[in-house]
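Architecture and fold: a report
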Amino acid sequence: MAADRACVIAWLQRAGAALHEQREYLTSLDAAIGDADHGTNMDRGFKAVLEKLPTVAEADIGTILKTVGTTLVSTVGGASGPLYGTAFLRAGMALAGKQDLEPADLVTGLAAAVEGIMARGKAQRGEKTMVDALGPALDALQAKVAAGASQDEALQAAVAAAEAGMTTTIPMLATKGRASYLGERSVGHQDPGATSAALLLRTMLNG
Amino acid sequence: MAVGLVVVSHSAQLAEGVVELAGQMARGQVRLEAAGGADDGTLGTSIAKVTNAIAKADSSDGVLVLVDLGSAALVAEMAIEQLPSARRARIRLTSAPLVEGAVVAAVEASIGSSLDQVAATAEQAAHLDKLSRRA
């Protein structure tokens, strides 16, 4: 079954609610190895996104995602704004004009988003960033969709891979972002960006 | 007019302070703009502040953008990409050290050097030996 515009909007609303609920947790992860603002920043950004959603209620999915991107760029603050903003902008461009998303479109959208984040942050896997959650999620989604899995099954696999990827950041040495200034002391902490990325994917379920 | 300078910092006070210090060397010949702090004034970076500062610093001779930490570079890069392409070509982001880079860039810009020269001088500031200079 394809995901329509209403599914996308419902996902964004669940994402906003989850980020609001988890804001203190995300900020506490960021306090350990960063600047202790990730939860607050993401919550502020998605609050602005939710306020913007009514203006694109009749738009195609690409336009909705691009609007999310531009809103995040200007409201999140810090590096996460440009990173998540670029992800949504690229996904929106890749899905321009779409009224419904087939499983293959989910792969196209997530691939564009991950590529955008990697280019913007000049980041690869293994550097203790959101890429460590999103990269494995994309691989899992791609594999499931190629094997003809249902949308639900493919998303379940993507979320599981993202959450596994998120925990692999714990022993990693940060070489990107604020945590990289901590050097060896960044080891032993879960990356807040990988955590919010996994959370965003998790909220795609039940859609 | 001369090449303009934009100082991007997570701290509004730091950005203002660097502008003040570099401004002393520029003798009123250079447009120096601070883009410090998040939109609400707390520690952070703001695309809107960077965009506005670039607009104010921009004469037809170009702008050099200096940053304090990596995420400020990321934000500045995005602000520059969003400019119309005609203007984007004369805006340059540098990895130069914030304080020394701004000071030497201000001097270089004040004598009417090109954006390329100002950027090269700022980058060389990474190798300045402060202990032998003592001034």
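In the block above lies the structure referred to throughout.
Structure report, in brief. Computed from a predicted model, the values in this text were never measured in an experiment.

Criteria and thresholds
Residues numbered from 1 in each chain as written. Chains lettered and ligands numbered in written order. Predicted model: local features only at pLDDT ≥ 70, side-chain atom pairs only at ≥ 80, totals over all residues. Helix = DSSP H or I, 4+ residues; strand = E, 2+ residues; numbered from the N terminus. Rg over C-alpha atoms; globule rule 2.2 N^0.38 Å. Buried ≥ 20, exposed ≤ 12 C-beta atoms within 10 Å, placed from the backbone. Contact = placed C-beta atoms within 7 Å. Pairing = 2+ DSSP bridges. Axes fitted to C-alpha atoms, helices over the stretch in contact; angles between N-to-C directions. Parallel < 35°, antiparallel > 145°, perpendicular 65-115°, else oblique. Left-handed = near helix turned anticlockwise from the far one by under 90°. Nonpolar A, V, L, I, M, F, W, Y, C, P; charged D, E, K, R; others polar. Expected span 1.5 Å × (residues − 1). Arc of directions from axis to C-beta.

Turning our attention to the overall build of chain B. Across its full length, chain B holds seven helices and four strands. Along chain B, helices and strands appear, N-terminal first, in the series β-α-β-α-β-α-α-β-α-α-α. Taking 14 Å as the expected radius of gyration for a compact globule of 135 residues, we find that chain B reaches 14 Å, a close match to that expectation. With the C-alpha coordinates aligned to their principal axes, the bounding extent of chain B is approximately 40 × 30 × 25 Å. For chain B, the residues scored as buried account for 47% of the 135 residues in total. In chain B, of all internal contacts separated by at least 6 residues, the share reaching a separation of at least 24 is 72%.

Turning to the overall build of chain A, a few remarks are in order. A tally of regular secondary structure across chain A gives nine helices and two strands. Going from the N terminus to the C terminus, chain A shows its helices and strands as β-α-α-α-α-α-β-α-α-α-α. Rg of the C-alpha trace for chain A: 16 Å, near the compact-globule value of 17 Å for 207 residues, within the 12% margin. C-alpha extents for chain A along the principal axes are approximately 45 × 40 × 30 Å. The buried share of chain A, taken over its 207 residues, is 57%. Excluding contacts between residues fewer than 6 apart, the proportion of contacts in chain A whose partners are at least 24 apart in sequence is 64%.

Residues and elements named next belong to chain B. Across the sheet, four strands lie side by side as 2-1-3-4; this open sheet has parallel pairing. Here the strands that pair on one side only, and so sit at the sheet edges, are strand 2 (32–36) and strand 4 (91–94). Averaged over all pairs of adjacent strands, the angle between their axes in this sheet comes to 20 degrees, without regard to strand direction. In this sheet, strand 3 (residues 63–67) lies alongside strand 1 (residues 4–9) in parallel orientation, the contact comprising five bridges. Bridging across to strand 3, Val7 finds its partner in Leu66. Here helix 5 (residues 98–110) sits on the sheet and contacts strand 1, strand 2, strand 3 and strand 4; the angle it forms with strand 1, its principal contact strand, is near 170 degrees.

Turning our eyes to something else, we now look at the packing of helix 1 (residues 5–21) of chain A against helix 4 (residues 61–75) of chain A. All names here are of chain A. Between helix 1 and helix 4, the shortest axis-to-axis distance is 10 Å and the interhelical angle comes to 20 degrees. On the basis of the axis angle, helix 1 is roughly parallel to helix 4. Between helix 1 and helix 4 lies a crossing whose hand is right-handed. Contact residues: Arg5, Val8, Ile9 and Leu12 in helix 1; Ile61, Ile64 and Val68 in helix 4. Residue composition of the contact of helix 1 with helix 4, grouped by class: six nonpolar, no polar and one charged.

Residues and elements named next belong to chain A. In a regular helix each residue adds 1.5 Å, so 18 residues correspond to 26 Å; helix 8 (residues 151–168) covers 26 Å between its end C-alpha atoms and thus fits that length. Of all the positions in helix 8, only Gln151, Ala154, Leu155, Ala157, Ala158, Val159, Ala161, Ala162, Gly165 and Met166 are classed as buried. Where helix 8 is buried, its residues contact strand 1 (3–4), helix 6 (103–121), helix 7 (131–146) and helix 9 (192–202).

Residues and elements named next belong to chain B. Tracing the backbone shows Val30 in the loop between helix 1 (12–26) and strand 2. Taking the number of C-beta atoms within 10 Å as the measure of exposure, Val30 has 26 and is therefore buried. As for Val30 and Met1, which are separated by 29 residues in sequence, their C-alpha atoms are 7.7 Å apart. The contact partners of Val30, leaving out residues within four places of it in the chain, are Ala2, Gly4, Leu5, Ala106, Ala109 and Ser110.

Attention shifts here to the interface of chain B and chain A. On the side of chain A, 13 residues touch chain B, which itself brings 14 residues to the contact. Elements supplying a minimum of two residues to the side of chain B that touches chain A: helix 2 (47–57) and helix 3 (70–81) of chain B. Residue contributions to the side of chain B that touches chain A peak at five residues, all from helix 3 of chain B.

All names here are of chain A. Of all the residues in helix 2 (residues 23–33), the buried ones are Leu26, Thr27, Leu29, Asp30 and Ile33. One side of helix 2 holds all its buried residues, which, seen down the axis, span an arc of 155 degrees. At its buried positions, helix 2 is contacted by helix 3 (38–52) and helix 9.

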